[in-house]
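# Per-entry structural report
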Amino acid sequence: MSPPAPASIRLAELLGALSLGTDLGMGLPMEHVLRQCLISMRLATCLGLDEADREVVYYASLLAWVGCHVDAYEQAKWFGDDTALKADFRHTDFGTAVAGPLFILRHLGAGRPMAERVRLGVAFAGDGRRAADAMLENHWLAADALAARLGLAQRIRDSVEQTFERWDGKGVPKGAKGEEILLTSRLATLADVAEVYHRAGGTDAAVAVARQRRGTQFDPRVVDVFTGQAESLFAGLDEASSWAAVIGAEPALDVWLTDAEFDAALEAIADFSDVKSPYTIGHSRGVADLAGEAARVLGLGEEAATLVRRAGLVHDLGRLGVPNAIWDKPGPLGHAEAERVRLHPYLTERMLACSPALAPLAAIAGQHHERLDGSGYPRGLSGGALSPDGRVLAAADFYRSRTEPRPHRPARTAGEAAAALRAEARAGRLDGGAAAAVLSAAGHPATRRPARPAGLTGREIEVLQLLACGLSNKEIAERLVISRKTVGHHVEHIYAKTGTANRALASLFAASHGLIAASSASAAPAEPADGAAADVTQGPAGSRSTGPASR
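Now for a description of the structure that goes with this document.

Conventions used here
Residues numbered from 1 in each chain as written. Predicted model: local features only at pLDDT ≥ 70, side-chain atom pairs only at ≥ 80, totals over all residues. Heavy atoms only, no water. Helix = DSSP H or I, 4+ residues; strand = E, 2+ residues; numbered from the N terminus. Rg over C-alpha atoms; globule rule 2.2 N^0.38 Å. Buried < 20%, exposed > 50% of the residue type's maximum accessible area, 1.4 Å probe, protein only. Contact = heavy atoms within 4.5 Å. Areas by Shrake-Rupley, 256 points an atom, 1.4 Å probe, with all protein chains shown as cover. Lys, Arg positive; Asp, Glu negative; His and termini not counted. Charge placed at Lys NZ, Arg CZ, Asp CG, Glu CD. Core = buried A, V, L, I, M, F, W, Y, C linked by side-chain atoms within 4.5 Å. Patch = residues over 30% accessible without salt bridge, like charges linked within 9 Å, V, L, I, M, F, W, Y side chains within 5 Å. Salt bridge = Lys/Arg side-chain N within 4 Å of Asp/Glu carboxyl O. Polar contact = N/O pair within 3.5 Å; in protein donor to acceptor, adjacent residues only side chain to side chain. Phe/Tyr/Trp six-rings, centres within 6.5 Å; stacked < 30°, edge-to-face > 60°. Arc of directions from axis to C-beta. Expected span 1.5 Å × (residues − 1).

## Brief notes about the overall build of the protein chain
Regarding its fold elements, the protein chain presents 25 helices and four strands. In terms of overall size, the protein chain behaves like a compact globule, its C-alpha atoms giving a radius of gyration of 23 Å where 551 residues would be expected to give roughly 24 Å. C-alpha atoms of the protein chain, sized along the principal axes, occupy 65 × 55 × 50 Å. Scored against the burial criterion, the 551 residues of the protein chain give a buried share of 57%. Looking at the protein chain alone, contacts between residues at least 24 apart form 70% of all its contacts between residues at least 6 apart. Of the roughly 21300 Å² of accessible surface on the protein chain, a fraction of 55% belongs to carbon and sulfur atoms. Treating the 59 positive side-chain charges of the protein chain as one cloud and the 65 negative ones as another, the clouds have centres 5 Å apart.

## Notes on the nonpolar core
Within the largest apolar cluster, 139 residues are counted, with the highest numbers of intra-cluster contacts made by L14, F226 and L421. Sorting elements by how many residues they give to this core places helix α9 (residues 183–212) first, with 11 residues. Look past the residues within four positions of F226 in its chain and what remains in contact with it is L43, L190, A194, A206, V207, A210, L233 and F234. Listed in part, the 11 residues of the second largest apolar core include W78, L85, L108 and A131.

## What to know about a nonpolar patch on the surface
A grouping of V98, L102 and L105 is seen on the molecular surface, where their side chains present a nonpolar patch of about 300 Å² in accessible area. By the element assignment, L102 lies in helix α6 (residues 99–107).

## Description of the side chain of S401
Inspection of the secondary structure puts S401 in helix α19 (residues 388–402). There is a polar contact of 2.7 Å between the side chain of S401 and the backbone oxygen of D397. Setting aside chain neighbours within four positions, we find S401 in contact with H283, R406 and R409.

## Re unusual backbone geometry
In the segment running from V172 into P173, the intervening peptide bond is cis, with an omega of 10 degrees. Examined against the element boundaries, P173 turns out to sit in the loop between α8 (154–162) and α9. Omega for the bond connecting Y377 with P378 falls within 30 degrees of zero, at 15 degrees, which places this linkage in the cis form. The residue P378 is located in the loop between α18 (359–365) and α19 in this model. Within the chain, E31 stands out as a residue other than glycine whose phi angle is a positive 85 degrees. Following the sequence through the fold, E31 ends up in the loop between α1 (11–25) and α2 (32–46). The phi torsion at V481 lies on the positive side, around 55 degrees, for a residue other than glycine. In this fold, V481 is placed in the loop between α23 (473–480) and α24 (484–498).

## Some points on the environment of F164
For F164, the position within the fold is in the loop between α8 and α9. The class of F164 is buried, set by a relative accessible area of 7%. When the C-alpha atoms of F164 and K174 are compared, they prove to be 9.4 Å apart, with 10 residues separating the residues in sequence. Here F164 is in contact with A64, W65, L136, H139, W140, G171 and V172, once residues within four sequence places are set aside.

## What about the packing of aromatic side chains?
To describe a pair of aromatic rings, one takes the distance between the centres and the angle between the planes. Under the criterion given, the structure shown has nine aromatic pairs. Ring plane angle 90 degrees and centroid distance 5.1 Å describe the contact between Y58 and Y59, whose orientation is recorded as edge-to-face. Classification of Y59 as buried rests on a relative accessible area of 1%. Consider the rings of F226 and F234, whose centres lie 5.7 Å apart with planes at 90 degrees: the pair is edge-to-face.

## Points about α6
Buried residues of α6: A99, G100, F103, I104 and H107, and no others. One face of α6 carries all of its buried residues, which in axial projection span an arc of 130 degrees.

## Regarding helix α3 (residues 51–63)
Compared with an ideal rise of 1.5 Å per residue, which puts 13 residues at 18 Å, α3 spans 18 Å between its outermost C-alpha atoms and is within 8% of the ideal. Residues R54, V56, V57, Y58, Y59, A60, S61, L62 and L63 constitute the buried set of α3. Capping the start of α3, D50 holds a side-chain oxygen 3.2 Å from the backbone nitrogen of A52, two or three residues further along.

## Side note on the pattern of salt bridges
Within this structure, the stated rule accounts for 37 salt bridges. Here K497 and E460 are joined by a salt bridge, their closest N and O atoms 2.8 Å apart. Taken as a pair, K497 in helix α24 and E460 in helix α22 (residues 458–468) lie far apart in primary sequence, 37 residues in all. When its relative accessible area of 35% is taken as the criterion, K497 is described as partly exposed. Classification of E460 by relative accessible area gives buried; the value is 4%.

Set out below in structure tokens:
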């Protein structure tokens, strides 16, 4: 069917690209979710599901784990490498009383000195235990919020919710068991684990884990169908990319997004990407708006302004593939850590390039850390190899980043950020015209703010901004010169008004409603000690430049 005008992109392509970021955020190889979706759809056919249920399976499979990074800050705080934690999750059957505690003990304080692990173990009994208990619920709530913003049906959202339930009733969020769990969720849960084992050990390994968890995590009937048809369910998965097969399997081929819907969807994805760290909440929207306006100032035209703004919304998708233990590290990065940071623009580009409709955004987004003199990354492009759109995005990202806090430095003032941007242009690393356009765009009067969302008061918004940036109640009280008890009351009111239950979900609410502005970004959780990393790192030739591993 031809797409209705004015259409921009199929929903399946957008969700497919987002799923690649989900893979990285879970510490799994790219295309895990795509392969899981194919297995789920094939299993749905074997089970005789009708077209309506197959549609639920398709979209729920692509969306179920999209919220896995919303509390990565807390995961890294307690467990070190958040991606390693999530990668190991599927290798544990949490059906026994000791499975959960042993899993936590194995990961608590991973990679840290023994004394620190002991200290974390003592502290974990309080706040850590509550954070761990809320993680899976946070994930489905975040996925549900995105599904709602994309306009997906309630049946799909219900199936996403129950993806984290278990046949034996020991899952979350409601402890549903047996036939209480939707069949669409039961088969997607099995496909998710089976794909991991199949990739590592082939069909025999996938069949073995399905049988091992039959009647505990998995529905016995679904397991029996799965084991009987395993060879056909996995057929062709290792021969080529699963992208074309998954996009071609979309049950509703007429689901296209209009330009307005496309922009709204990209904004939602930007919010989800930024919530990975309290230091970057609102970053992508800020960069996108600045870059789009700068493109207009430069006279690049409205089409180019729209394109560069869209690229700005998704330019940091690749951040999902780097652990928060790196992004949120208060001190200098080691060589291996810096190399992982340098990789994130490439990951962004690869995710977006899979889709013909997103490929133009990929070409721009992948350049946001490149520099005119070749000192940038990931490819070290220089001069004419950088497009006008890419130059604008690089300048906008540089300026916006300096007005935000990072774990190794406080936020800079607008004047300081402007001076730093001009210095980069004078040094020949950033385009002078693009830098001037960004500064012009940043100097425009702010537009009138809309009514405060959820009935939040001005003080509650101040508290929410600081809470989203990772500050404790004590730190918020000190920053606002109020008592901890008053902060506690404000936090309770914020959670009640926004319908959230913890920092991660409140942060997502704040990002989604544009409450995280550069003016509030100076609220870093804690200022680093003297000598902590600056935005520049030691280059391979011993010179220092802004290119390598800028956070």
